[in-house]
Every structure is written in C-alpha cells, then in structure tokens.
Amino acid sequence: MTDPADRRADSARGPLVRAAAQQFAHKPYSLVNLDDVVAAVDISRGAMYFHFPSKQALATAVIAEAHELGRQAAAGVLANKLSGLETLIDLSYLVAVLDIGEDLARAGLYLLESIGRVEGLEARSLREVVEALAHIVRRAVSEGDIAEGCDPEDIARLLVSTYIGIRHTSDLDNPQQFLLDIEKAWVLLLPGFANPERMRYLSQFVRRRTAVASGKVSPQRDPT
Amino acid sequence: MTARQTRSEVTRRKIIDAAVELFNDVGYSGTGLGDIIERAGMTKGALYHHFNSKEALAVAIINEGSDILLKTFQGISRSSAPALESMIHGVLVTVDLANTDKLVRMGAVLLRIFAKFSEASTLNYGVWLAEMGEQARRAQAEGDLRDDIDAQAAGEFIISAMLGAELISNAVSGGGDLLERVTGTWEFLLSAIASEQSLPYLREFLARESLRRRGQSMPT
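Residues numbered from 1 in each chain as written. Chains lettered and ligands numbered in written order. Predicted model: local features only at pLDDT ≥ 70, side-chain atom pairs only at ≥ 80, totals over all residues. Heavy atoms only, no water.

### Overview of the overall build of chain B
Okay, so step 1: Within chain B one finds ten helices and zero strands.
Okay, so step 2: From first element to last, N terminus to C terminus, chain B shows the α and β order α-α-α-α-α-α-α-α-α-α.
Okay, so step 3: C-alpha atoms of chain B, sized along the principal axes, occupy 60 × 35 × 35 Å.
Okay, so step 4: Sequence-distant contacts, at least 24 apart, represent 64% of the contacts inside chain B between residues at least 6 apart.
Okay, so step 5: Surface exposure of chain B reaches about 10600 Å², of which carbon and sulfur atoms provide 55%. (Helix = DSSP H or I, 4+ residues; strand = E, 2+ residues; numbered from the N terminus. Contact = heavy atoms within 4.5 Å. Areas by Shrake-Rupley, 256 points an atom, 1.4 Å probe, with all protein chains shown as cover.)

### Comments concerning the side chain of Thr-94 of chain B
All names here are of chain B.
Okay, so step 1: Within the element layout of this structure, Thr-94 appears in helix 5 (residues 83–100).
Okay, so step 2: Classification of Thr-94 by relative accessible area gives buried; the value is 9%.
Okay, so step 3: Here Val-91 takes part through its backbone oxygen, which lies 3.0 Å from a polar atom of the side chain of Thr-94. (Buried < 20%, exposed > 50% of the residue type's maximum accessible area, 1.4 Å probe, protein only. Polar contact = N/O pair within 3.5 Å; in protein donor to acceptor, adjacent residues only side chain to side chain.)

### What about the packing of aromatic side chains?
All names here are of chain A.
Okay, so step 1: Scanning the model with the defined rule gives six aromatic pairs over all chains in all.
Okay, so step 2: Ring geometry for Tyr-163 and Phe-178: centres 6.0 Å apart, planes at 85°, overall edge-to-face. One end of the pair, Tyr-163, is in helix 8 (residues 152–169); the other, Phe-178, is in helix 9 (residues 175–193), with 15 residues separating them in the sequence. Phe-178 carries the same exposure label as Tyr-163, and that label is buried. (Phe/Tyr/Trp six-rings, centres within 6.5 Å; stacked < 30°, edge-to-face > 60°.)

### As for the confidence of the model for chain B
Okay, so step 1: Scored by pLDDT, chain B has a mean of 88; 93% of the residues are at 70 or more.
Okay, so step 2: Among the prediction metrics, the complex's ipTM stands at 0.73, with pTM recorded as 0.81. (pLDDT = per-residue confidence, 0-100.)

### Some points on helix 2 (residues 33–40) of chain B
All names here are of chain B.
Okay, so step 1: All of the buried residues along helix 2 are Leu-33, Ile-36, Ile-37 and Ala-40. Each buried residue of helix 2 lies within a common arc of 100° when the element is viewed along its axis, so the set occupies one face.
Okay, so step 2: Buried residues belonging to helix 2 abut helix 1 (3–26), helix 3 (44–50) and helix 4 (54–77).
Okay, so step 3: Gly-41 lies just past helix 2 and shows a positive phi near 65°. (Arc of directions from axis to C-beta.)

### As for empty space enclosed by the protein
Residues and elements named next belong to chain B.
Okay, so step 1: Using the criterion set out here, one finds four cavities of 30 Å³ or more in the structure.
Okay, so step 2: As a volume, the largest cavity reaches approximately 460 Å³.
Okay, so step 3: Those elements that place two or more of their residues in the lining of the largest cavity are helix 4, helix 5, helix 6 (102–114), helix 7 (119–141) and helix 8 (151–173).
Okay, so step 4: Tallied by class, residues from the lining of the largest cavity come to 15 nonpolar, five polar and two charged. (1 Å grid on protein atoms, 1.4 Å probe; cavity = no way out; pocket = protein on both sides within 12 Å on 5 of 7 lines; lining within 4 Å. Points joined across faces, edges and corners; volume = space filled by probe spheres on them. Nonpolar A, V, L, I, M, F, W, Y, C, P; charged D, E, K, R; others polar.)

### Focus: the nonpolar core
Okay, so step 1: Counting 76 residues, the largest nonpolar core has Leu-85, Trp-186, Leu-190 and Phe-193 of chain A together with Val-182, Trp-186 and Leu-190 of chain B as its most contacted members.
Okay, so step 2: Non-local contacts of Leu-190 of chain A, meaning those with residues more than four positions away in its chain, are made with Leu-85, Met-199, Leu-202 and Val-206 of chain A. (Core = buried A, V, L, I, M, F, W, Y, C linked by side-chain atoms within 4.5 Å.)

This is the structure:
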C-alpha cells in the first residue's frame, strides 16, 4: 500500500512534533529555532518542510496533539464518576500535573496564547473547554454542591481564566508552589459558588488533592 | 486485524453472549452445549473451534468479567485521588458494575461455582489481592490507613469483607440491597483501619458517594 519512502516520512512526523513541543515548552515562540528541532530528530530541514511547511504549521500540530492529550486525560477523570464539583477539582489538578511534567501539554498551552489569534484557534479551544466544564457545573448544581442561581457558564469561564492566570503569576518550574497556588485559588473561589454547608468537606477534598499531586510531580523519597 | 479474525471474534462474542443468557435463565448445570449452539445460531463446529467444553466457556466468561472489573478498578486507582478514597470509590463502582452488567455478573456467579476447582479462580483472586494490597500500602504512606496495621492484610481483608457482603446480598435480596450492604461494611471497616485524623473526612466521603449512587441528595 505505502512504499518504504512514505513510511519513513510518516515515522518522522511524531518525533518532529515531540521535539518541537520540547522547544516550545521552554522558549517563547519567536525564539524557537527550527534548526534545534531538526537536529533533535536528526533529519534534514527539507524533510521537515515535507511535513510542516512553516514554524506555524509545526506549532499548530503541537497544539492539536496537546489538545488530544488533554481530551484523553479528561475522559479518564470523567470515567471515574465522582460528583460534579469533585470532578472539576480533580480536572484542575490533572491539568496542573500534565502542565508541570509534560512538555507537550505545556507547549500546547503556551502556543495557544502566543499564536492562538490565528484562525480564532484560541477562542475556539477555550469555548470548547468552557462548554465542557459548564456541563459538569450543571451536574454539581443538581447534586447540591454548587448553589442554585449561579450561571454555569460564568463559573466555567471563571475556572478557566483563573487557571490561565495562575500559569502567569506562579511558576511551573516550582511544582510544589504551583500546586499550592492552585489550592489557594480553590479555597478562595469555592465560597463564591459552593454550598456553604459543604465547604468544610470540599476544602479538605482540595487539600488532599494537593498532597497527592505533589507526590506525583516529585516522588517522595524512600524514608529508609 | 484481518477480516477473518474479525469474523472469528464476532462468532466468539455471539457464543459467549448466548451462554451468558442461558446460564442466567436456566443455570450453568442445566445448560447443555446443544442449547448454546441453538441460541447462538451456530454450527457445532463453530462452537468447538472456540471452546472445547462447557467449562472452557465458563472460564472465558470468568476471565472476561474479571478483566472488566479489574480494568475499571485500576482506572480509578490511577486517578489523582488519595488511595483510600480510590479504594472506597473503586469498590462501589465495581460492585455496581457486577450488579448491572450481565457478563460481569455471570462471571462472578461462575467464579463461585468453580472456586477451588479451577486455576482461573485462583488466578483471579490473586490479582485482586495484589491490587488491593498495593493500594493499601499507598494509603498508609498517605496517612489515611493506620500505621500500626499490616497494609497487605488490610487490603486482603477488604476484599474478603466485600465478597461476603455480595454473597449475603445475593442470597437475601437477589442483590437488591447490595449497595447498602457494601456501604455498611465500609463504615465498619473505616472505623477499624482509618487513621484518627482522616476518619471523619473519609466517613463523609463514603456517605456522599453512597447517597449519590442511590440517587438521593448528598448530606450537607
């Protein structure tokens, strides 16, 4: 079906996206040099242009793969069938852990901000995320964890913008601090929409997630 | 997968589904291979190509059901939740699955029938004991499980207690009160194995979980 040359070309696509993600995760878009990407994969620039005619095409592919990574991870959280608000909290920690440890996830989120204006990519992605979260918020309202009368889309937008804001004000390279900042954000946000009688339980739920996530991003040392 | 493999898998599926239905309707011992052939609309040759005896069919059902349960439980264990929360949540989800999914349910019934006589059941229980022991060790490291008890023993005891609850529920109410029994068993277990500082929180976690599953509003 495919001749050997095609297959060789196919096999370079994945490594190119991964090498690009590594660059985009740690450098601003404008400072990423495609020579570094090509060198990491050990192919010619011409071979790279066969797959990605421009830096922007490569960056768009990174965003698409990061999106898929996030979608699959989120599906895993949803499959756990926790309550709506617990699911929202779990999702925030899941994204944080991926953002801290996976270049692909981190690069995807950076790129969305730096080149997302193109073709309305950022607006479309964020709208999709807000809609998905609003759906879970509605469930949390029906379960009594979130007070009735709140607009689910408003809460979903607030959660998304808070996370994007923390990425700027906190430091992804200081994982413990970053997770602590996520926890603080929840403790400050929850009283705004959560059922007051459930605050004590929910703030414990949040603190316990911080502890587990901290262990994940920097495995506990063996006590012996 | 080739078209031939796909067809073969479809045939295998049909046989298993027919067997699950018949075992469910008339019981394992009351079902003959002839009934399965008829229900599945297969030839004798097609059935024997996949299963050389009724017992081989039963083992396949046990293994598939057990696999679904274990994968579900492991998916929950790998989440961002503390281990003891995952154990509580995972047990309630798998128990619910064993109660609602026909194949999983039949697998559990057959596992009981074959216990002690078959390698399949030894293997299946062994995997669960290892999985629970592993989670219990994590729970201990996270401070939720008391540090003065043997984590492996606690994990294994949880399995014994849940299997017992399932057995009694099936005998007494045909599985109708399974969730209440499993929740009640967890309440007793938590008092015995949870650390003092985590116990109030875990009780609340369990209460929320169990009420949500019963479709009632959660406690405030």
